[in-house]
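Structure assessment
What follows is each chain in one-letter form.
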Amino acid sequence: MVETVYESDQILEWLSQVPDPEIPVLTITDLGIVRGVDCSDGVTVSLTPTYSGCPATEAIEASVVAALEDRGVSDVRIKRVLSPAWTTDWITEDGRKKLRVYGIAPPERRDRPVACPRCDSSNTQVVSEFGSTACKASYRCVDCLEPFEYFKCL
Amino acid sequence: MRSTAISAAYATRLGDNALVLGQRMIELVAASPELEEELANANFSLDYIGQARMFYTYAGECEGAGRTEDDFAFLRPEHEYRNLLLVEQPNGHFGDSTVRAVLFESWYLLLLEALTRCADEGLAAIAERAVKEVRYHVRHSSQWLVRLGDGTEESHARVQASLDNLWRFTGEMFAPDDVDEQMHKSLNGPDLAAIEPQWRRNVAAIVAEATLELPGDQWMASGGKQGKHTEHFGFLLAEMQYLQRAYPGAEW
């Protein structure tokens, strides 16, 4: 039996098509949770969980395995990396753009105002520090009056 | 004690604190006074369950006997749990749950910060993840304490009574046992004696802002770290473990 040896760039390219189950407009590489790919013995993908209790953690691991198996990679292992802890700073520029288009304001540094993803106004208000998932807060735009979600800075 | 045995024991007790408080908070799901609080409570309890899972998985690895996170959560009887008595106290009214959260989380945050610097890389990594979440929790629970204490005459009186009632469970947080000592000395873990004055300062500041009175020195309850729990704990476990006890090995 001939074992195929994969290039990590190829694996990463495939992983960049795996969507996040809770915010499907983002892929797991947009989120910055893929910490590394090691192809020396089978394929080992290192992933960092976002929040400790994030229900998507296991779903993401399963979809990584499935995505690679679909492309014929049989020996896939997942390594959970806790340190350094995930931060929203790891969301890529591309990921931020996609979030905005989707209607979710991307995380901002604490000193900067949250801009409305629809009209770009900075005249916004917190409605609730909590939202539909652990990573989001609820906001409203005072100018265009649209409610929107904000991806919290972590 | 070997260093892996210390790590296993330490990870277990932190997992127990997180699981038991997380379970108490789950009991409040769909019972919060407003929607924002409902979401906050559900999200925070999920953080705790997630932390418990990481601590138990790590405890199982250190122990090396093949126990999984589920074995720790669902198959241990009351006296094998090592959580603080504070976290197992019933939810009571909203003020009781708020005070319990402020007292525990102010301590837990300082403990986790110290744990990120310990020599055990596995525990340090979990702490690094958890500390960010708990920082957010403390901010939230403290805001509620201020709102209730500095609220109406009724809310002030009730939350003061909660504080007076739960205060007796805080002594245990700073009374080191063998595991705490060894964790501190051999693995550069948290020093409870150093955390106590910081905790007192932080809690005193929140309590003052909430226009409440800090309770005076008094008799302190203890026993959680030895597996001697209050009468409320068995009922919590009975509910949480029901499925695995009734249908051993059930999966879905």
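Presented here is an overview of the structure given in this document. Throughout this description, residue numbers start from 1 for each chain and increase along the sequence as written. Chain letters and ligand numbers both follow the written order, the letters beginning at A and the numbers at 1. In keeping with the model being predicted, local features are shown solely for residues with a pLDDT of at least 70 and side-chain atom pairs are shown and tallied solely at 80 or more, while totals for entire chains, interfaces and linings include all residues.

Concerning the packing of helix α2 (residues 35-63) of chain B against helix α6 (residues 121-149) of chain B
Residues and elements named next belong to chain B.
- For helices, the fitted line uses only the C-alpha atoms of the stretch in contact; every axis is such a line through C-alpha atoms, and the angle between N-to-C directions lies from 0 to 180 degrees. Each helix is a run of DSSP H or I of at least 4 residues and each strand a run of E of at least 2, with the numbering of both proceeding from the N terminus. Contact geometry of α2 with α6 gives a least axis separation of 11 Å together with a crossing angle of 165 degrees. On the basis of the axis angle, α2 is roughly antiparallel to α6. The crossing of α2 and α6 is left-handed. Residues A40, F44, D47, Q51, M54, F55 and Y58 of α2 lie in contact with α6, whose contacting residues are G122, L123, I126, A130, E133, H137 and H140.
- Under the grouping applied here, Gly and all other residues not named as nonpolar or charged are polar, the nonpolar ones being Ala, Val, Leu, Ile, Met, Phe, Trp, Tyr, Cys and Pro and the charged ones Asp, Glu, Lys and Arg. Tallied by class, the residues present in the contact of α2 with α6 amount to 8 nonpolar, 4 polar and 2 charged. These descriptions rest on fixed angle ranges, namely under 35 degrees for roughly parallel, over 145 for roughly antiparallel, 65 to 115 for roughly perpendicular, and the rest for oblique. Crossings are assigned a handedness: left-handed for a near helix turned anticlockwise from the far helix by less than a right angle, right-handed for a clockwise turn. This entry defines residue contacts through backbone-placed C-beta atoms, with two residues in contact when those atoms are within 7 Å.

Description of the sheet that holds strand β4 (residues 104-105) of chain A
All names here are of chain A.
- Read across the open sheet, the 4 strands follow the order β4-β7-β6-β5; overall the sheet is mixed. With partners counted over all chains shown, the strands left at the sheet margins are β4 and β5 (124-128), one partner each.
- When DSSP locates at least two bridges between a pair of strands, those strands are taken to pair. Across 5 bridges, the pairing between strand β6 (residues 136-141) and strand β7 (residues 147-151) is antiparallel. Bridge pairing links S138 to E149 in β7.

Focus on the environment of K136 of chain A
- Of note, K136 of chain A is situated in strand β6.
- Among all residues touching K136 of chain A, those that are not within four sequence positions of it are G131, E149, Y150, F151 and K152 of chain A.

Section: the sheet that holds strand β3 (residues 76-80) of chain A
All names here are of chain A.
- Taken together, 3 strands build an open sheet; the order of strands is β1-β2-β3 and the sheet is mixed. Of all strands in the sheet, those bounded by a partner on one side alone are β1 (34-38) and β3. Averaged over all pairs of adjacent strands, the angle between strand axes in this sheet comes to 20 degrees, irrespective of strand direction.
- Summarising the sheet, β1 and strand β2 (residues 43-47) pair through 4 bridges and their orientation is antiparallel. Of the residues in β2, the one forming a bridge with V37 is V45.
- Across the sheet, helix α1 (residues 8-15) is in contact with β1 and β2; its angle to β1 comes to roughly 140 degrees.
- Along the sheet, helix α3 (residues 56-70) makes contact with β2 and β3, crossing β3 at roughly 155 degrees.

Read these as geometric descriptors, not functional statements.
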